[in-house]
Amino acid sequence: MRVTFLYWEGCPSHEEALARLRRVLEEEGVEPSVEVVRVDTEEDARRWKFVGSPTILVEGEDVAPAPGAPYRLTCRAYVLEDGRISPLPSVDQIRAAVRRARAARETPNR
Amino acid sequence: MANVKVGDPAIPFRLPGVDGREHALEDYRDREAVVVIFSCNHCPYVRAWEDRMVAIQRDYAPRGVQFLVISSNDPLQYPEDSFDRMKERAREKGYNFPYLFDETQEVARAYGAQRTPEVFVFDRQRRLRYHGAIDDNYEDPRGVRHHYLREALEAVLAGKEPQTSETPPVGCTIKWRREPASRASS
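Here's what I pulled together on the structure shown here. In this text the structure is predicted, and so the values were computed from the model without any measurement.

**Some thoughts on the overall build of chain B**
Moving on, step 1. Each helix and strand in chain B was counted, giving four helices and nine strands.
Moving on, step 2. For chain B, the α and β elements follow one another from N to C terminus as β-β-β-α-β-α-β-α-β-β-β-α-β.
Moving on, step 3. For chain B, whose C-alpha radius of gyration is 15 Å, the value lies close to the compact-globule estimate of 16 Å for 186 residues.
Moving on, step 4. Dimensions of chain B, computed from the C-alpha atoms along their principal axes, are close to 40 × 35 × 30 Å.
Moving on, step 5. Burial analysis of chain B (186 residues in total) assigns 44% to the buried set.
Moving on, step 6. Put simply, 75% of the contacts in chain B that link residues at least 6 apart link residues at least 24 apart.

What follows is the structure, encoded as structure tokens:
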């Protein structure tokens, strides 16, 4: 499974987010190899379509899609299942994205 | 590293608030303690903690504690941190403290603030007694083990030194202007 972790050093949560991601991948039996991308400039942000740190892509899909959000160096706000705001995606959000990607891979196209 | 160290006096300021008034540190000289918090609208760490800010101000206001919350972010880079949006946020979240706009960023620079939120607790003599984070768990209020700000206020109100006087502020960086700017005239 292709997993990409994008972060900006200006936000302090990225190490915890990466550890959380790796833990979920392990629990889901997914090879915990993650492409880690450090986004340093506004140009990087535009190139990676980076809407904030941290951003996690599973098979290219954001674990919490943010349509219309500007591409920029910022800390990202995740809306958790209970409506609270967090700088990190929850375990359940990451897990759901992994399971969606797995289901999509296992479901024949035709 | 903040410019104001534990034991240092508070640096005076006067800033416009979202309530249409100017607020100076000196206006609150009768309070037992003043808590200056550098904050903003857009930062998810602030958004994760802001209900706790409101709750702590509510709990400690009867004991003479006054919060003064300041946004110093550059609204050109972060339009959601504009003064108009600050007014909206204060209304939406029921802020029970002055929410002040440090347009020139002079106050943040004077204090040496770097993050949002970043807390400075001053005692009756307006000496710094605590600097850092609100507590040790931005993500889950129920998972907090160390209520740094509440513990500091309890100590200060009892005339004691807080057990923890310094923690690393955890949050977004303050968004500095790209070019120096003079303060707007009105």
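**Some words on unusual backbone geometry**
Moving on, step 1. The step from Ser53 of chain A to Pro54 of chain A runs through a cis peptide bond, and the omega angle for that step is -5°.
Moving on, step 2. Inspection of the secondary structure assignment puts Pro54 of chain A in the loop between α2 (42-48) and β3 (55-58).
Moving on, step 3. Here Thr116 of chain B and Pro117 of chain B are connected by a cis peptide whose omega angle stands at -5°.
Moving on, step 4. Within the secondary structure, Pro117 of chain B is located in the loop between β6 (115-116) and β7 (118-122).
Moving on, step 5. The phi torsion at Lys49 of chain A lies on the positive side, around 55°, for a residue other than glycine.
Moving on, step 6. With respect to the secondary-structure elements, Lys49 of chain A resides in the loop between α2 and β3.
Moving on, step 7. Backbone geometry places Gln105 of chain B, a non-glycine residue, at a positive phi of 70°.
Moving on, step 8. On the basis of neighbour count, Gln105 of chain B is assigned to the partly exposed category, with 19 C-beta atoms found within 10 Å.

**As for the sheet that holds strand β2 (residues 35-38) of chain A**
All names here are of chain A.
Moving on, step 1. Read from one edge to the other, the open sheet built from four strands follows the order β2-β1-β3-β4, with strand pairing classed as mixed. The sheet is open, and its two borders are formed by β2 and β4 (61-62), each paired with just one other strand.
Moving on, step 2. Summarising the sheet, β3 and β4 pair through two bridges and their orientation is antiparallel. Bridge pairing in β4 places Val58 opposite Glu61.
Moving on, step 3. Of the strands in this sheet, β3 and β4 touch helix α3 (residues 91-106), which is tilted by about 20° from β3.

**As for the sheet that holds strand β8 (residues 128-132) of chain B**
All names here are of chain B.
Moving on, step 1. One open sheet holds the five strands; their spatial order is β5-β4-β3-β7-β8, and the pairing between them is mixed. This sheet does not close on itself; its edge strands, each paired only once, are β5 (99-101) and β8. Across the sheet, the mean angle separating the axes of adjacent strands is 20° when strand polarity is ignored.
Moving on, step 2. By the bridge criterion, four bridges tie β7 to β8 in an arrangement that is antiparallel. The residue of β8 that forms the bridge with Val121 is Tyr130.

**With respect to the pairing of β3 of chain A**
Residue and element names in this part refer to chain A.
Moving on, step 1. Residue alternation in β3 divides its side chains into two sets, Thr55 and Leu57 and Ile56 and Val58, and both sets are buried.
Moving on, step 2. Sheet analysis places strand β1 (residues 3-7) next to β3, joined by four bridges and oriented antiparallel. Residue pairing for β3: Thr4 is matched across the bridge by Leu57.
Moving on, step 3. Hairpin connection of β3 to β4: two residues between the antiparallel strands, including Glu59 at a positive phi of 50°.

**Let's talk about the nonpolar core**
Moving on, step 1. Formed by 60 residues in total, the largest nonpolar core has its most connected members in Val35, Tyr45, Val119 and Val121 of chain B.
Moving on, step 2. When residues of this core are assigned to their parent elements, the largest contribution, seven residues, is made by helix α1 (residues 44-60) of chain B.
Moving on, step 3. Membership of the second largest hydrophobic core comes to 15 residues, among which are Ala17, Val63, Leu88 and Ala97 of chain A.

**Observations concerning the environment of Asn3 of chain B**
All names here are of chain B.
Moving on, step 1. Note on placement: Asn3 falls in the segment before β1 (14-16).
Moving on, step 2. Placed 108 residues apart in sequence, Asn3 and Tyr111 show a C-alpha to C-alpha distance of 5.2 Å.
Moving on, step 3. The residues contacting Asn3, other than those within four sequence positions of it, are Ala110, Tyr111 and Gly112.

Rules behind the numbers
Residues numbered from 1 in each chain as written. Chains lettered and ligands numbered in written order. Predicted model: local features only at pLDDT ≥ 70, side-chain atom pairs only at ≥ 80, totals over all residues. Helix = DSSP H or I, 4+ residues; strand = E, 2+ residues; numbered from the N terminus. Rg over C-alpha atoms; globule rule 2.2 N^0.38 Å. Buried ≥ 20, exposed ≤ 12 C-beta atoms within 10 Å, placed from the backbone. Contact = placed C-beta atoms within 7 Å. Pairing = 2+ DSSP bridges. Axes fitted to C-alpha atoms, helices over the stretch in contact; angles between N-to-C directions. Core = buried A, V, L, I, M, F, W, Y, C linked by C-beta atoms within 7 Å.

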